[in-house]
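Here are the chains, one letter per residue:
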Amino acid sequence: MFEILTGAFDTTGFPPRWKCGVWSDELGWLHILSDIAIWGAYTAIPCVLAFFILRRKDVPFPRILWLFVAFIFACGTTHLIDAIIFWQPVYRLAGLVKFATAIVSWGTVLALIQITPGVLHFPGMAKLNEQLAHEIAERKLAEEERERLLESERHARSEAEKANRMKDEFLSLVSHELRTPLNAMMGYAQLLLMNPRSPEEVTNAATVIERNGRAQVQIIEDLLDMSRVITGKMRLDVQSIDLCDSIRAAVSAVTPAAAAREIDLQVVLDPRAGQVLGDPSRLEQVFWNLLSNAIKFTPKHGKVQVSLERVNSHVEVRVSDTGQGIPADLLPFVFDRFRQGDTSTQRRHGGLGLGLSLVKHFVEMHGGAVVAKSAGPGQGSTFVVCLPVQIAVPDVTDGEGERIHPAVAGDGQLSISRLPISDLKVIIVDDEVDARALVERMLGQHGVDVYTAGSADEALALIARVKPDVIVSDVGMPGVDGYQFMRKVRSLSDEQGGRTPAVALTAFARSEDRTKALLAGYQAHLAKPVDANELAAVVATLAGRTGRP
C-alpha cells in the first residue's frame, strides 16, 4: 500500500505543465484559477448536500444522494490536480483520481437507473399541492376537534362542579331536615324526664314526638323511594282503582294541616271520570305530595283546590292554590330532584326537593304526565296530572244484579283489642337495649309473654327452652347477624323450633333487604320505626290468630 501511494506521487519522466508547450502567463493562470474555482464549487456542493442528508433523517433515497456527494467531490478533485500539475507533474495521481471518479460516476448512473421507475411514480407538483392542501385541512380539523374536546371537557367540569355544589347543598339540607324533627323529639323527651308532668302535658309532648317522628320517617321514605327510582327497582302494585278514593285519602291526610293554616281546601270530583290502572298507594302519594306543597306554599286564609275530571281518553287531576307561585326561571326545573327555589338559611319552607321529582316519576310509571303552571310570584300555581283511563272496566254487581259502586275505604286501623294474642310466647332478638324494651312494651300491652335476647346465641338458647310461637328479630347485629341467625333456626328440627314463624324488624328498609330477609327464612319484613298496631297484626298473622272472633 505504501509503494502504491509513493508511486502515485512519483513525477519521474514528466515535466511540469509549464514546461509542456509555450504557455503564456495569462493562459496558464486562466487554467489554474478556473480549475481551482471549479474545485472549490465542487467541494462546497457535496458539503452542503452531506449536511442536508445528515440533518434530515427522513430524506428519500439517501444512498443515491451519498453517491452524488462522492461523485461531485471526485470531479472537483480532478480539477485541483490539474492546477497542481502546472508545478508538480503528478500525472500518476491524476490518473488514479480520474479512475476513482469514473467508478463513482458509473455507480451513480447504475443507482439512478434503479430508482428511476420509482421516481417516475412520484406525484407531480399539482398532486403534491393537493396533498398538502388536504393535509392542511386535516391539521385544521384536528385543531377544531381539539377545541371541541376542550370545550366539552370545560362543560363536563362545569357540570361536575355544579353537581358537586348541589350534592353539598343536598347533604346540608338532609342534615337540617333530619335534625329539625329530632330536635323536637329529644327536647320534649328531656322535658318529660326532668320533672313530673300533668297528663295533658304528657299527651301534648307525646303528640309532638310522634308527629316529628313521622316527619322524619317521611324524609327517609322519600330518600329510599328516590333510590329505588334511580336504580330502577321501583315496583308498582297495579290494579283497577277509582281515583276519587285515592284523592279523598290524600285530602283526609292533609286536612289537619290545611285547617291549622285556615286554608280553604276545596274538593271537586267527577264520580263518572272513570277508573284507571295503577298502584293506589303510589297515586295517593302523588296527590298527597301535591296537596302538601300547595298548603305549605299558600299563606293563611288562602285557597287550595283539587279537582278530577274526564278529558277524552284520560283523566285530569288539578291541584291549584293561591300561594306564592313559581318564578319563570324555576318553572322548567320544578320536577328536578334536589332542586329548590331557595336553599339559603333564610328559606321559609323546609323539604329536600324530592317530592315533586317523585311525583313525576310515579306519574310517568303509570303512563301519564304531569305539568306545572304559574303566572309568576304571588300568582299561585297549578299542577295537572294526566292519567290514561282504563279501557274496559267490568261491572261489579250484587246477587240481585244491582251495580256495586266503589266506596271509600275506612281508616284501615286494626283494633288491637280484637287480636287474640295474649297467650302467645314471642322472642325478641335485638342487640340494642332500647329497641328490645320498646318492642317488649308494644307486645306486652296485649298480654303477650315476651322473652328478650341481645344476641343470636342467647336467642337460640331461648328457643330451645321456651319453644316460642313467633320470633321478632333485628337484622343488623354484631357477630352473628339476623340473616345468619335465621338460617341457624331453620336448620333446627321441627321439635327444636326450626319451623317457628319469624318477622325481621330492621332499619334496612329497601326492597332488596326485604327479599334478602325472606330468602334467609323470615316470613315477614317490617321497617323501623314500626307502628305498634302493625307489629301486633303481623305477630297475630304469623301465629295464625287472624280471622278469629
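All values derive from a computational prediction rather than experimental measurement.

Details of the side chain of Asn 289
Among the structural elements, Asn 289 can be located in helix α8 (residues 280-296). Asn 289 has contacts with Gly 355 and Val 359, leaving out every residue within four places of it along the chain.

Details of the pairing of strand β7 (residues 381-388)
Burial analysis of β7 places six of its eight residues in the buried class, the great majority of the element. Of the strand pairs in this sheet, strand β5 (residues 314-321) and β7 are connected by eight bridges, and their pairing is antiparallel. What sits directly across from Ser 320, in β7, is Thr 382. Bridge count for strand β6 (residues 369-373) against β7 is five bridges, and the pairing is antiparallel. Pairing of Ala 372 across the sheet is with Phe 383, part of β7.

Quick look at the nonpolar core
If you look at the biggest cluster of nonpolar residues, it comprises 44 residues, and the most contacted ones within it are Leu 243 and Leu 308. Sorting the residues of this core by element identifies α6 (199-231), α7 (243-260), α8, β4 (303-311), β5, α9 (355-365), β6 and β7 as the ones contributing at least two each. Sequence-distant contacts of Leu 308, that is, excluding residues within four places in its chain, are made with Leu 243, Cys 244, Ile 247, Val 268, Leu 269, Asp 270, Ala 273, Val 315, Glu 316 and Val 317.

With respect to helix α11 (residues 456-466)
Along α11, the residues that are buried comprise Ala 456, Ala 459, Leu 462, Ile 463 and Val 466. The buried residues of α11 occupy an angular sector of 115 degrees when projected down its axis, which confines them to one face. Among the exposed residues of α11, those oriented more than 90 degrees off its buried face are Asp 457 and Arg 465. Looking one or two places after α11, you find Lys 467, whose phi comes out positive at around 55 degrees.

Thoughts on the pattern of salt bridges
Within this structure, the stated rule accounts for 11 salt bridges. For Glu 153, the salt bridge goes to Arg 157, with nearest N and O atoms at 2.5 Å. Here the residue Glu 153 and the residue Arg 157 both occupy positions in helix α5 (residues 125-194), the gap between them amounting to four residues, near one helical turn. Under the relative-accessibility criterion, Arg 157 is labelled partly exposed at 41%. Note that Asp 423 and Arg 545 form a salt bridge whose closest N and O atoms lie 2.7 Å from each other. One end of the pair, Asp 423, is in the loop between β7 and β8 (425-429); the other, Arg 545, is in the segment after α14 (532-542), and 122 residues separate them in sequence. The class of Arg 545 is buried, set by a relative accessible area of 14%. Among the charged side chains, a network of salt bridges with common partners joins Asp 430, Asp 474 and Lys 528.

With respect to the confidence of the model for the protein
Per-residue confidence for the protein averages 83 on the pLDDT scale, and 88% of its residues sit at or above 70. Contacts of residues 342-350 to residues separated by more than four positions or lying in other chains number 11 contacts, the stretch itself having pLDDT below 50.

Examining the sheet that holds β8
Hydrogen bonds along the backbone pair up the strands of a sheet, which may run parallel or antiparallel. The sheet built from five strands is open, its strands ordered β9-β8-β10-β11-β12 with parallel pairing. The sheet is open, and its two edges are formed by β9 (449-453) and β12 (524-527), each paired on a single side. The sheet shows a mean angle of 20 degrees between the axes of neighbouring strands, direction not considered. As defined by bridge partners, strand β10 (residues 470-473) adjoins strand β11 (residues 502-506) across three bridges and the pair is classed as parallel. Residue Ser 473 lies in a different strand from β11, and its bridge partner there is Ala 504. Lying over the sheet, helix α10 (residues 433-444) contacts β8, β9, β10 and β11, oriented at roughly 170 degrees with respect to β9.

Analysis parameters
- Along each chain, residues carry numbers from 1 onward, in the same order as the chain's sequence is written.
- Owing to the predicted nature of the model, reporting of local features is limited to residues with pLDDT of at least 70; listing and counting of side-chain atom pairs is limited to 80 or more, with chain, interface and lining totals taken over all residues.
- Only hydrogens and water are set aside; all other atoms, that is, all heavy atoms of the structure, feed into the side-chain values.
- Secondary structure follows DSSP: runs of H or I at least 4 residues long count as helices, runs of E at least 2 residues long count as strands, and numbering of each begins at the N terminus.
- When checking whether two residues touch, look at their non-hydrogen atoms; a contact exists if any pair is within 4.5 Å.
- Between buried and exposed lies partly exposed: a residue is buried under 20% and exposed over 50% of the maximum accessible area for its type, with that area taken using a 1.4 Å probe on protein chains only.
- Strand pairing requires that DSSP identify at least two bridges connecting the strands.
- What makes a nonpolar core is a set of buried Ala, Val, Leu, Ile, Met, Phe, Trp, Tyr and Cys residues whose side-chain atoms join them at distances within 4.5 Å.
- Taking the helix axis as origin, the arc is that swept by the directions to the C-beta atoms.
- The working definition used for a salt bridge is a side-chain nitrogen of Lys or Arg within 4 Å of a carboxyl oxygen of Asp or Glu.
- pLDDT expresses, on a scale from 0 to 100, how confident the predictor is about each individual residue.
- Each axis is a line fitted through C-alpha atoms, and for a helix only the stretch in contact is used; angles between axes span 0 to 180 degrees, taken between their N-to-C directions.

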